[in-house]
Amino acid sequence: TPSAIPATGYRLRLPGPTEVPERVRQATARVIVNHRGPECKTAIGETEEMIRPVLGTTNRVMFFASSGTGVMEAALVNVVGPGSQILVIEHGQFGERFTSIAKAMNISVDTVATEWGQAIDVAAVEARLRERSYRAIVVVHNESSTGMVADLAALGALVRDRPTLLIADSVSGLGGIAMRQDEWGVDIVVSASQKALMCPPGLSLASVSPKAWRVIEQDERRSVFFWDFRRALKSIELSETPFTAPVSLLYGLRESLTMMHEEGLPNVLARHEQLSGALRAGGAALGLADFCERGPRSSTVVVFKVPDGLEGGTIVRRLYADHRTVIAGARNRLSGRVIRFGTMGAFSAATILTDLLHLEDVLTKLGLPVEAGAGLKAATEHLAKTK
Ligand code: PLP
C-alpha cells in the first residue's frame, strides 16, 4: 500500500544513538590536532568543565574511547578486588548486562531483580545490605529497555554511612533527566556520548567520588590496564586522556555541551519531561499503553506496549519503510511486545508530533481502530497544559 504521507528524510528516533545536531556534526569535522597539544587540552578542559554541572558533581571526569558497555566494565574492574562482592539491581536489560559483565570477570555477584517496568524495591536492597557487606551496589539510572528510572537519591542514602559504593549507569539518562551525583551520593557515574548528549557513538566517561577513589587506591593487584582509573586521573589532571584521545568526538561533545548550556540545563530537563509526556499522551490516545504503569518514568525513553494481535517488529519495520522513522523494538524478553522511542537530545515538539502522525498512519494501515488526529490532539493538549 503506498503511504498517505510521503517518506522524507531519515528520522533517527531510537533510544540511542540519537540525532546529532548540525553544529555538533560540524564540530566533529574539524581538523585533527595533536591529542596532547594545546588545542586538544583546551577541548578536554572545557568539556570537563561543562559536563560537571550536568553530572551535578565537582569530581574529575575522565573520558574514554568506547561505547557505554566499556565504562560499565571499567566501573567494576576498578573497584572490585579479589574476594569482594557486589549487588546488582536488575530492573531491565542493562542491569542484566552488569551481571553478565561481573560474571565474565569472575566477580561474586548477588542480584535484586525487580519486575521490568516496576519501580526498584529500595527496602529489598536495604535488607540485602544488612545481611552482607557489599563492595558496591550497581544500578542502571535510566533503564532504556523499560523506560523506568531508579531512585538514586534513595539508594545513595543507603550507602552513605556504609563502606559500600553506589555505581550508576546513566548512559541513557545523563543530559536528559536529573543527575545530582554529589548530593545523592553516587560514587561512580558512567555514561556515553550517543544519547541525550547528542554526539556520535564512541566516547564514554566516568565520574568518581572521593569515597570511590579511596577504594580504587587500595592496591588489590587488580587486572586492569586500559581502564585503570588511576592512570586516567593522572591524565585528566593534565587535560589529557591516557591513550590517544577521540579528538573529533571530544570536539563534538564540547559543542553539544555548549548548546545545552545555551539552552539552560533546567530548560533542557524540562523540555525532555514535557515532550516525553506529550508523546506518552499521544500514544495513549492512539491505543498504545505505557509499558510502565506507575513509578518514576523516564523522560528520555518512551516504551509502549504493542496492542494485542500485533507484533512490535511489524510496527518498527513499517515506520521505517513508509516514513523513514527509525524506532526500536526489544532485543530481550520483551521482544515483539514493546516499541521504544528515544525522547532525548536534539528533539522538539515537532519531532514528537511527527512521530505521532507516522504512528497513526502505520497503526491504521495495520488495522487498528485509530481515531484520526487523536494522538496529535492529546499531545498538543499536553503541550498546552505543561507550557
Ligand atoms: N546502558 C544503557 C542504559 C544503555 O541504554 C546502553 C545502550 O543502549 C548501554 C548501557 C550500552 O551502551 P553501548 O551500546 O554504548 O555499549
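- Under the annotation held in an unreviewed UniProt entry, the protein carries the name Alanine--glyoxylate aminotransferase family protein and is attributed to Bradyrhizobium rifense.
- The UniProt entry for the protein carries the following text under Cofactor (unreviewed entry): "pyridoxal 5'-phosphate".
- Per UniProt, the comment on the protein under Sequence similarities (unreviewed entry) is "Belongs to the class-V pyridoxal-phosphate-dependent aminotransferase family."

**As for the overall build of the protein**
And step 1. A count of helices and strands for the protein gives 14 helices and 13 strands.
And step 2. Relative to its length of 387 residues, the protein is compact, with a C-alpha radius of gyration of 21 Å against a globular reference of 21 Å.
And step 3. On the principal axes, the C-alpha backbone points of the protein span a range of 65 × 55 × 35 Å.
And step 4. A burial count over the protein gives 50% of its 387 residues as buried.
And step 5. Here the contacts in the protein between residues at least 6 apart in sequence split such that 74% fall between residues at least 24 apart.

**Overview of the sheet that holds strand E8 (residues 165-169)**
And step 1. Within the open sheet, the seven strands sit side by side as E2-E10-E9-E8-E5-E3-E4. Their pairing is mixed. Single-partner strands in this sheet number two, and they are strand E2 (61-65) and strand E4 (108-113). Taken pair by pair, the neighbouring strands of this sheet meet at an average axis angle of 20°, ignoring direction.
And step 2. Strand direction decides the pairing type here: E8 and strand E9 (residues 188-192), joined by three bridges, are parallel. Within E9, the residue paired with alanine 168 across the bridge is valine 189.
And step 3. Here helix H2 (residues 38-55) sits on the sheet in contact with E2, E9 and strand E10 (203-208), set at roughly 115° to E2.

**Concerning the packing of helix H3 (residues 68-79) against helix H4 (residues 93-104)**
And step 1. Where H3 contacts H4, the two axes come as close as 10 Å, and the packing angle between them is 55°. The orientation of H3 with respect to H4, classified from their angle, is oblique. The handedness of the crossing between H3 and H4 comes out as right-handed. Across the interface between the two elements, Thr69, Met72, Glu73 and Leu76 from H3 touch Arg97, Phe98, Ile101 and Ala102 from H4.

**Points about the domain arrangement of the protein**
Interface size, as often reported, equals the accessible area lost upon joining of the parts.
And step 1. With domains assigned, the protein is organised as domain 1 (11-19 + 265-385) and domain 2 (22-261).
And step 2. Computed over C-alpha atoms only, the centres of domain 1 and domain 2 are separated by 28 Å.
And step 3. Between domain 1 and domain 2, the residue contacts involve 26 residues of the former and 27 residues of the latter.
And step 4. Those elements giving two or more residues to the side of domain 1 that touches domain 2 turn out to be helix H11 (265-285) and strand E11 (301-305).

Criteria and cut-off values
- Residues numbered from 1 in each chain as written.
- Predicted model: local features only at pLDDT ≥ 70, side-chain atom pairs only at ≥ 80, totals over all residues.
- UniProt positions renumbered as here; feature names shortened; annotations may be inferred.
- Helix = DSSP H or I, 4+ residues; strand = E, 2+ residues; numbered from the N terminus.
- Rg over C-alpha atoms; globule rule 2.2 N^0.38 Å.
- Buried ≥ 20, exposed ≤ 12 C-beta atoms within 10 Å, placed from the backbone.
- Contact = placed C-beta atoms within 7 Å.
- Pairing = 2+ DSSP bridges.
- Axes fitted to C-alpha atoms, helices over the stretch in contact; angles between N-to-C directions.
- Parallel < 35°, antiparallel > 145°, perpendicular 65-115°, else oblique.
- Left-handed = near helix turned anticlockwise from the far one by under 90°.
- Domains from an automatic or database assignment.

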